[in-house]
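# Inside the fold
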Amino acid sequence: MKNKKVLLLAGVMAVYLSGCGISSAATLSENMFVLAKNISVLSGSTDKAEILSALDQMDSAIDDSMLTLPEKLQSEYVNSVNDYKAHLEKMKAEIKSAREKANSGELNKIKDNVAEMHKLRIDGHNKFK
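Keep in mind that what you see is a predicted model, and the values were worked out from it rather than measured. (Residues numbered from 1 in each chain as written. Predicted model: local features only at pLDDT ≥ 70, side-chain atom pairs only at ≥ 80, totals over all residues. Heavy atoms only, no water.)

## Structural notes on the overall build of the protein chain
Within the protein chain, the secondary structure is distributed over 5 helices and 0 strands. Counted from the first residue to the last, the protein chain has its helices and strands arranged as α-α-α-α-α. Relative to its full complement of 129 residues, the protein chain shows a buried share of 29%. Long-range pairs, those at least 24 residues apart, make up 62% of the contacts in the protein chain between residues at least 6 apart in sequence. Accessible area of the protein chain: about 8500 Å², with a carbon and sulfur share of 57%. (Helix = DSSP H or I, 4+ residues; strand = E, 2+ residues; numbered from the N terminus. Buried < 20%, exposed > 50% of the residue type's maximum accessible area, 1.4 Å probe, protein only. Contact = heavy atoms within 4.5 Å. Areas by Shrake-Rupley, 256 points an atom, 1.4 Å probe, with all protein chains shown as cover.)

## Some remarks on the environment of A54
Counting through the fold element by element, A54 comes out in helix α3 (residues 48-65). Separated by 19 residues in the primary sequence, A54 and L35 place their C-alpha atoms 8.7 Å from one another. In this view, A54 contacts N38, V41 and L42; residues no more than four positions away in its chain are not counted.

## Re the confidence of the model for the protein chain
On average, residues of the protein chain score 83 in pLDDT, and 79% of them reach the 70 mark or higher. The spread of mean pLDDT over the elements of the protein chain runs between helix α1 (residues 2-20), the lowest at 44, and α3, the highest at 96. (pLDDT = per-residue confidence, 0-100.)

## Considering the nonpolar core
In terms of nonpolar packing, the biggest core is built from 25 residues, with L42, I51, L55, M58, I95 and M117 touching the most fellow members. Of all the secondary structure elements, the ones that give two or more residues to this core are α2 (28-44), α3, α4 (78-103) and α5 (111-128). (Core = buried A, V, L, I, M, F, W, Y, C linked by side-chain atoms within 4.5 Å.)

The following block contains the structure:
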């Protein structure tokens, strides 16, 4: 019975999302919220699973953000677009570094990554918002 309910719910959601033309991609502001929220998680957590989950969410938000330009940027301004994408790549590198440390059990060593992520987020907000 439980499987039928799950399948029914999945079917209803699929029909709703396809019929309404709703995209599952997050907006840029939603992605930035995901980054901010998870930087806070990284700052305060000592749980490896929670840290890795936060890093996964951040990585997905960065990947999604690569596909969308902030309103301030126009695609014809190639230098600005390249700068924006390079900024996101720096964040992605910090996430990767933090994930490597977390996977090897060095949770106390991700503080520098978290500080850099926070700085990048603030700098990016000021520059591209």
